[in-house]
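Overview (structure and organization)
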Amino acid sequence: QVQLVESGGGLVQAGGSLRLSCAASGSIRSINDMAWYRQAPGKQRELVAGISSGGTTNYVDSVKGRFTISIDNAKNTVFLQMNSLKPEDTGVYYCNADLKVFPDSWYVNYWGQGTQVTVSS
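The structure contained in this document is the topic of the report that follows.

Rules used in this analysis
- Residues numbered from 1 in each chain as written.
- Predicted model: local features only at pLDDT ≥ 70, side-chain atom pairs only at ≥ 80, totals over all residues.
- Heavy atoms only, no water.
- Helix = DSSP H or I, 4+ residues; strand = E, 2+ residues; numbered from the N terminus.
- Buried < 20%, exposed > 50% of the residue type's maximum accessible area, 1.4 Å probe, protein only.
- Contact = heavy atoms within 4.5 Å.
- Pairing = 2+ DSSP bridges.
- Axes fitted to C-alpha atoms, helices over the stretch in contact; angles between N-to-C directions.

1. Concerning unusual backbone geometry
Note the cis peptide between F102 and P103, where omega equals 0 degrees. Here P103 shows up in the loop between β9 (91–101) and β10 (107–111). Even without glycine at this site, N76 takes up a positive phi of about 50 degrees. Positionally, N76 belongs in the loop between β7 (67–72) and β8 (77–82). At S84, a residue that is not glycine, the phi angle is positive and equals roughly 50 degrees.

2. Re the environment of V63
Mapped onto the elements, V63 comes out in the loop between β6 (57–59) and β7. Residue class for V63 comes out buried when judged on its relative accessible area of 0%. Look past the residues within four positions of V63 in its chain and what remains in contact with it is R38, V48 and D89.

3. Thoughts on the sheet that holds β8
Strand-to-strand pairing in sheets goes through backbone hydrogen bonds, with the strands running parallel or antiparallel. As summarised here, the arrangement of the 4 strands in space is β1-β3-β8-β7, forming an open sheet in which the pairing is antiparallel. Looking at which strands have only one partner, the edges of the open sheet turn out to be β1 (3–7) and β7. Taken over all neighbouring pairs, the strand axes of this sheet differ in orientation by 15 degrees on average, direction set aside. Here β1 runs beside strand β3 (residues 18–25); their pairing, made up of 5 bridges, is antiparallel. Paired with Q3 across the strands is S25, a residue of β3.

This is the structure:
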């Protein structure tokens, strides 16, 4: 069974840092794109940062220069380093990935269960 398991969320003061991790487990053949989304209370889920299998990254404007997405291909794990956190960064952060799983030959999109990030002012 394929799973995306996030960790690293928590409560931090404004200006602080957190590092989120998302590990993909199961019979994974390959990983295409991976990304982090977040959903604040009363708002729609939004893409925060994404990384392609080739290492190309993209970020929502509000986090550029503060967040960094990276991937450890050997461990099937994606990270989100969040610095200079602001109260408006508060929300549930979800990992998302396109995975090719044995014995299939196509990619399927998966979501993690989410991890709460709360930034106090």
